[in-house]
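One-letter residues, chain by chain:
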Amino acid sequence: QKEGLKKILDKKIITKDGRKIMVAANIGSLAEVNVALSNGAEGIGLFRTEFLYMDRNSMPSEEEQFEVYKQVAQKMGNKPVIIRTLDIGGDKTLPYLNLTKEDNPFLGVRAIRLCLQNRNIFKIQLRALLRASIYGHIKIMFPMIGSLKELTSAKTILKECMKELQEKSIDFKNNMEMGMMVEIPAAAVMADEFAKHVDFFSIGTNDLIQYTLAVDRMNEGLSDLYNPMNPAVLHLIKTSIHAAHANGIPCYMCGEMAADFSAIPILLGYGLDEFSVSSASILEVKNFILETINQ
Ligand code: PEP
Ligand code: MG
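- As recorded by an unreviewed UniProt entry, the protein carries the name Phosphoenolpyruvate-protein phosphotransferase and is attributed to Iocasia fonsfrigidae.
- For the record of the protein, the UniProt heading Cofactor (unreviewed entry) holds the text "Mg(2+)".
- Looking at the protein in UniProt, the text filed under Catalytic activity (unreviewed entry) is "L-histidyl-[protein] + phosphoenolpyruvate = N(pros)-phospho-L-histidyl-[protein] + pyruvate".

## Remarks on the site of ligand 1
Line of reasoning, step 1. In the neighbourhood of ligand 1, the contacting residues comprise Leu46, Arg48, Asp87, Glu183, Gly204, Thr205, Asn206, Asp207, Cys254 and Gly255.
Line of reasoning, step 2. Elements represented by at least two residues in the shell around ligand 1 include exactly strand 3 (44-48) and helix 9 (205-213).
Line of reasoning, step 3. For the shell around ligand 1, the element with the most residues is helix 9, which contributes three residues.
Line of reasoning, step 4. Looking at side-chain class alone, the shell around ligand 1 contains two nonpolar, four polar and four charged residues.

## Considering the UniProt feature "binding site: Mg(2+)" (unreviewed entry) in the protein
Line of reasoning, step 1. Residues given the UniProt feature "binding site: Mg(2+)" (unreviewed entry) here are Glu183 and Asp207. These annotated residues cover 25 residues of sequence, and their C-alpha atoms all fall within 5.4 Å of one another, placing them together at a single site.
Line of reasoning, step 2. Tracing the backbone through its elements, the reader meets Glu183 in the loop between strand 6 (178-182) and helix 7 (185-189).
Line of reasoning, step 3. Given 26 C-beta atoms within 10 Å, Glu183 falls into the buried group.

## Overview of the pairing of strand 2 (residues 20-27)
Line of reasoning, step 1. In terms of residue burial, strand 2 counts as a mostly covered element, since seven of its eight residues are buried.
Line of reasoning, step 2. Bridging between strand 1 (residues 13-14) and strand 2 involves two bridges; their strand directions are antiparallel. Of the residues in strand 2, the one forming a bridge with Ile13 is Ile21.
Line of reasoning, step 3. With antiparallel pairing between neighbouring strands as the criterion, strand 1 and strand 2 make up a hairpin whose turn holds five residues, including Gly18 at a positive phi of roughly 85 degrees.
Line of reasoning, step 4. With five bridges connecting them, strand 2 and strand 9 (residues 274-278) associate as parallel partners. In the strand pairing of strand 9, Val23 is matched with Phe275.

## Here we look at unusual backbone geometry
Across the chain, the bulk of peptide bonds are trans and the bulk of non-glycine residues have phi less than zero.
Line of reasoning, step 1. Even without being glycine, Ser169 reaches a positive phi, approximately 55 degrees.
Line of reasoning, step 2. If you check the backbone angles, Ala214 has positive phi at about 55 degrees while not being a glycine.
Line of reasoning, step 3. Tracing the chain through its elements places Ala214 in the loop between helix 9 and helix 10 (231-246).
Line of reasoning, step 4. Overall, the presence of 8 C-beta atoms within 10 Å leaves Ala214 in the exposed class.

## A short note on the UniProt feature "binding site: phosphoenolpyruvate" (unreviewed entry) in the protein
Line of reasoning, step 1. What UniProt calls "binding site: phosphoenolpyruvate" (unreviewed entry) maps, in this numbering, to Arg48, Arg84, Asn206, Asp207 and Arg217.
Line of reasoning, step 2. Within the secondary structure, Asn206 sits in helix 9.
Line of reasoning, step 3. On the neighbour-count criterion, Asn206 (17 C-beta atoms within 10 Å) is partly exposed.
Line of reasoning, step 4. The residues touching Asn206, leaving out its near neighbours within four places in the chain, are Arg217, Gly255 and Glu256.
Line of reasoning, step 5. In this structure Asp207 comes out as buried when scored by C-beta crowding, with 23 C-beta atoms within 10 Å.

## Focus on the confidence of the model for the protein
Line of reasoning, step 1. Per-residue pLDDT for the protein has a mean of 96; in total, 100% of the residues score no lower than 70.
Line of reasoning, step 2. For this predicted complex, the interface score ipTM comes out at 0.99, alongside a pTM of 0.97.

## Here we look at the environment of Val23
Line of reasoning, step 1. In this fold, Val23 is placed in strand 2.
Line of reasoning, step 2. Take Val23: there are 29 C-beta atoms within 10 Å of it, and that puts it in the buried class.
Line of reasoning, step 3. Sequence separation between Val23 and Lys12 is eleven residues, and the spatial gap between their C-alpha atoms is 9.2 Å.

## Considerations on the environment of Glu256
Line of reasoning, step 1. Residue position: Glu256 is located in the loop between strand 8 (251-253) and helix 11 (264-270).
Line of reasoning, step 2. It is 23 Å that separates the C-alpha atoms of Glu256 and Val198, two residues lying 58 residues apart in sequence.

## Remarks on the packing of helix 3 (residues 62-76) against helix 5 (residues 119-132)
Line of reasoning, step 1. It is the contact of helix 3 with helix 5, at a shortest axis distance of 8 Å, that shows an interaxial angle of 40 degrees. The chirality of how helix 3 crosses helix 5 is right-handed. Residues Glu62, Gln65, Phe66, Tyr69, Lys70 and Ala73 of helix 3 pack against Ile124, Gln125, Arg127, Ala128, Leu129, Arg131 and Ala132 of helix 5.
Line of reasoning, step 2. Of the residues assigned to the contact of helix 3 with helix 5, the class counts are seven nonpolar, two polar and four charged.

Calculation rules
- Residues numbered from 1 in each chain as written.
- Chains lettered and ligands numbered in written order.
- Predicted model: local features only at pLDDT ≥ 70, side-chain atom pairs only at ≥ 80, totals over all residues.
- UniProt positions renumbered as here; feature names shortened; annotations may be inferred.
- Near = placed C-beta within 6 Å.
- Helix = DSSP H or I, 4+ residues; strand = E, 2+ residues; numbered from the N terminus.
- Nonpolar A, V, L, I, M, F, W, Y, C, P; charged D, E, K, R; others polar.
- Buried ≥ 20, exposed ≤ 12 C-beta atoms within 10 Å, placed from the backbone.
- Pairing = 2+ DSSP bridges.
- Contact = placed C-beta atoms within 7 Å.
- pLDDT = per-residue confidence, 0-100.
- Axes fitted to C-alpha atoms, helices over the stretch in contact; angles between N-to-C directions.
- Left-handed = near helix turned anticlockwise from the far one by under 90°.

Below is the structure:
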C-alpha cells in the first residue's frame, strides 16, 4: 500500500475553499532529513534539537550546532525548517549539566525555563541558529512557553545575540520568523495575546494533552485517560487555531495527534495549516487528508 502512495509524493493539498494545507516532518537529527524528503515532506515542522545534546559528555559547541543547522537548511532548500530550541528537562536529562533533581520534572525546570536560567547555553544555540539562517529557510521556535514574560525574555536574548553577531560583522537573516509551541494550557487559553508577539504557533499535543488532563503522557496505566478527543483538549486546540488566524498568523501542529486519523477531520475543520508528523506517517497522512477534503 505504501508503494501505491508514492504517486501523491509531490501532490499539493488545497481545500475546496482554496486553503493550502502542508504536511511536514518531525525530525531529531540531520540524518533524518533525507528520509523526510523521500517521503514527501513539504518542510520540517519540528526539529527536536535536544538529541544533539544527548548521549555525550559535554555540550555541543556553537560551531558544531551551526554545521548541523546549516546542513539541514541546505538539504531542505527553500522548504521551511522549524528548529525548536533546546527542550531538555522533563524525562530527558543531560548528565554534564548537573541539573537539580526534582520531584516533578515535567512541572519543573524544563525547556525554555532551563534556557532562561542558563543563558550561556541558550545563547550558544541561538547564535548557531542565526548564523545558519542564511543557508535556507529556517524558522526558530521556543518550547514550553507559559507566560508572555518568558516569550519576551526569549526574544530579548535573541536580539542580544543578533547584536553580538552584527558587532562582529557575522552574517545572519535579521527577519527570521519566530514562533512558539502551544503546549501549556495557559498559552492556549491566552492564545489571542501570544499571537500578537509571534509569527506562528505550533501546537504540541503530546504535552498539551498531558497538562490539560493532568495525565502523565508516559504512564501506560492511564492510557485510556490520555485522550486527544477530550472536549477540553479540542476546545484549547480550536481556541489556538482561531486566535492565530484572527491575528493573521498560521497555526501548525507537531504533536502525535496530527497523525491521528480520528482527529484529522476535526483539525481540518478548525483550520489547521500544517500537520507535522514522523516521516514514516507523511504519505498516509497526506493521503487521508486528500480523501477527507475531496469527499
Ligand atoms: C509535544 O509536546 O507535542 C511535542 C511535539 O513536543 P515533545 O513531544 O518533544 O515534547
Ligand atoms: Mg512538548
